[in-house]
Amino acid sequence: MATAFLAAKRSKDPCSQVGACIVNENNVIVGTGYNGMPKGCDDDEFPWAKKSKNALENKYLYVCHAEVNAILNKNSADVKNCTLFVALFPCNECAKVIIQSGIKEVVYISDKHAHKTHTIASKRMLNAAGISYRQFIPRQKQIVIDFSEINWNEMNQLPSTPVKDINAHTQKEKLKEEDQGK
Ligand SMILES: Nc1nc(=O)n([C@H]2C[C@H](O)[C@@H](COP(=O)(O)O)O2)cc1CO
Ligand SMILES: [Zn+2]
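In this text, all values refer to a predicted model and were calculated from it rather than measured experimentally.

The rules behind each value
- Residues numbered from 1 in each chain as written.
- Chains lettered and ligands numbered in written order.
- Predicted model: local features only at pLDDT ≥ 70, side-chain atom pairs only at ≥ 80, totals over all residues.
- Helix = DSSP H or I, 4+ residues; strand = E, 2+ residues; numbered from the N terminus.
- Buried ≥ 20, exposed ≤ 12 C-beta atoms within 10 Å, placed from the backbone.
- Contact = placed C-beta atoms within 7 Å.
- UniProt positions renumbered as here; feature names shortened; annotations may be inferred.
- Core = buried A, V, L, I, M, F, W, Y, C linked by C-beta atoms within 7 Å.
- Pairing = 2+ DSSP bridges.
- Right-handed = clockwise from strand over helix to strand, strands pointing away.
- Expected span 1.5 Å × (residues − 1).
- Axes fitted to C-alpha atoms, helices over the stretch in contact; angles between N-to-C directions.

## Section: the overall build of the protein
Point 1. Tallying secondary structure elements over the protein gives six helices and five strands in all.
Point 2. Listing the helices and strands of the protein from first to last along the sequence gives α-β-β-α-β-α-β-α-β-α-α.
Point 3. Every one of the 182 residues in the protein was classed for burial, and the buried ones make up 23%.
Point 4. Counting only contacts in the protein whose residues sit at least 6 apart along the sequence, the fraction spanning at least 24 positions is 58%.

Right under this line is the structure:
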């Protein structure tokens, strides 16, 4: 799921950055994706608006959802029996592609559009197709990516800035727990 969230960071959608990550039966990542305009449709030229009276000036007719991009980006022959990790519950259009692609499980974090028709239709199709879905409850609220970590051993010291300390602390706690056989 963290990989899905990392992929989301690449999205140019100013409102909702959504990421998806597909893993195979051995939990190996076979595809990632995020919501964005189709290839050749410049992210800076196509509209990101949501509420223009002219539907052609809103993003919805153009944007490719994270789930579909992750499936299309797969580096394996297919995604049969794979699990899709995605930040938001898939819409009806993505559900169709998920079903047709052979993905067998969807793991999501937020179902904030549960009341909307596209989610209700999505669940109806996923249920009918026998695709399971479950909510992911993260054990930790955040993971900090610290590029300087790679030099820790070399420097033979722990980082000193507050952001780095979050990682240092987590790392130290983890090592302590491992030592204690937890
Ligand atoms: N499961 C999803 N995957 C996605 O990639 N998206 C994308 C489509 C839009 O770019 C954005 C939703 O825009 P907004 O209505 O929250 O401003 O997130 C949305 C959903 C929700 O169904
Ligand atoms: Zn969708």
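## Observations regarding the UniProt feature "domain: CMP/dCMP-type deaminase" (unreviewed entry) in the protein
Point 1. Mapped onto the present numbering, the UniProt feature "domain: CMP/dCMP-type deaminase" (unreviewed entry) falls at residues 1-133.
Point 2. For residues 1-133, helix accounts for 28% and strand for 19%, while the C-alpha atoms at its two ends are 14 Å apart.

## As for unusual backbone geometry
Point 1. A positive phi angle is found at asparagine 27, which is not glycine, with a value near 65 degrees.
Point 2. Relative to the helices and strands, asparagine 27 resides in the loop between β1 (19-23) and β2 (29-34).
Point 3. The phi angle at asparagine 81 is positive, at roughly 65 degrees, despite the residue not being glycine.
Point 4. Here asparagine 81 shows up in the loop between α2 (66-72) and β3 (83-88).

## Examining the nonpolar core
Point 1. Among the nonpolar cores identified, the biggest contains 28 residues, and Ala4, Ala8, Ala20, Ile22, Leu84 and Val86 are the most heavily contacted of them.
Point 2. Elements with a minimum of two residues in this core: α1 (2-8), β1, α2, β3, α3 (92-101) and β4 (105-110).
Point 3. Of the residues forming this core, the biggest block, five residues, is contributed by β3.
Point 4. In this structure alanine 20 touches Ala4, Ala7, Thr32, Gly33, Ala66, Glu67, Ala70, Leu84, Phe85 and Val86, once residues within four positions along its chain are discounted.

## Focus: the pairing of strand β5 (residues 132-135)
Point 1. With four bridges joining them, β4 and β5 adopt parallel strand pairing. The partner of glutamate 105 across the bridge, within β5, is serine 132.
Point 2. Read as a crossover between parallel neighbours, the route from β4 over helix α4 (residues 117-129) to β5 is right-handed.

## Let's talk about α4
Point 1. With 13 residues, α4 should cover 18 Å at 1.5 Å per step; its first-to-last C-alpha distance of 18 Å lies within 8% of that length.
Point 2. A positive backbone phi angle near 75 degrees is found at glycine 130, which sits one or two residues after α4.

## Regarding the sheet that holds β2
Point 1. Read across the open sheet, the five strands follow the order β2-β1-β3-β4-β5; overall the sheet is mixed. The open sheet has two edge strands, β2 and β5, and neither has a second partner. Strand after strand, the sheet turns through a mean of 20 degrees between neighbouring axes, direction not considered.
Point 2. Note that β1 and β3 share four bridges and pair antiparallel. By the bridge assignment for β3, valine 23 is matched with threonine 83.

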